Amino acid sequence: QVHLVESGGGLVQPGGSLRLSCAASGSPFNIHAMGWYRQASGKERELVGAITSGGRTNYGDSVKGRFTISRDNAKNTVYLQMNSLKPEDTAVYHCNALILITQGVLSEYWGQGTQVTVSS
């Protein structure tokens, strides 16, 4: 019953920037962490970045130094600032949320995805 809505994808030139947003809504919930994963055509889904409700972050190696994840806990929203974009960043980007049900028990939710295309 938790719904994730992504926005901000689109077409950009190499070296450009985009900012993705993901807002969680629905039944009352306690977010443990939110993040972004991506899946390029013919590739496995991979971690882009994740952030806990306390602000700890983790990034995939391919985006470190270029992408920044942040969150607004009051709005249940996570952002992904993507700079210095490369054609290899082209993928469908999916928002993910880990919801704390009870102590030590998490439920995972996924957004429907937003397309990011980096091309000249």
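See the structure printed just above.
Small disclaimer: the values here were computed from a predicted structure and weren't measured.

Draft legend 1. A look at unusual backbone geometry. Although it is not a glycine, N76 sits at a positive phi angle of roughly 50°. Along the chain, N76 falls in the loop between β7 (67-72) and β8 (77-82). Its relative accessible area of 25% is what places N76 among the partly exposed residues. Phi is positive for S84, close to 50°, though the residue is something other than glycine. Looking at where S84 falls in the secondary structure, it is placed in the loop between β8 and β9 (91-102). Its relative accessible area of 41% is what places S84 among the partly exposed residues.

Draft legend 2. Molecular detail of the sheet that holds β7. Reading across from one edge, β1-β3-β8-β7 is the order of the 4 strands in this open sheet, with antiparallel pairing throughout. Looking at the sheet topology across the chains shown, the edges are occupied by β1 (2-7) and β7. Each strand axis lies, on average, 15° off the axis of its neighbour in the sheet, ignoring direction. Note: strand β3 (residues 18-26) against β8, 6 bridges, orientation antiparallel. The partner of S21 across the bridge, within β8, is Y79.

Draft legend 3. Up close: the nonpolar core. Membership of the largest hydrophobic core comes to 28 residues, with the highest contact counts inside it found for L4, M34, W36, L80, M82 and Y93. If you list the elements that add at least two residues to this core, you get β1, β3, β4 (31-39), β5 (46-52), β7, β8, β9 and β11 (114-118). Among the elements that make up this core, the one with the highest residue count is β9 (5 residues). Not counting the four nearest positions on each side in its chain, Y93 is found in contact with E6, L20, W36, Y37, R38, V48, F67, L80, M82, G113, T114 and V116.

Thresholds, definitions, all that
- Residues numbered from 1 in each chain as written.
- Predicted model: local features only at pLDDT ≥ 70, side-chain atom pairs only at ≥ 80, totals over all residues.
- Heavy atoms only, no water.
- Helix = DSSP H or I, 4+ residues; strand = E, 2+ residues; numbered from the N terminus.
- Buried < 20%, exposed > 50% of the residue type's maximum accessible area, 1.4 Å probe, protein only.
- Pairing = 2+ DSSP bridges.
- Axes fitted to C-alpha atoms, helices over the stretch in contact; angles between N-to-C directions.
- Core = buried A, V, L, I, M, F, W, Y, C linked by side-chain atoms within 4.5 Å.
- Contact = heavy atoms within 4.5 Å.

Coordinates in, geometry out; function isn't part of it.
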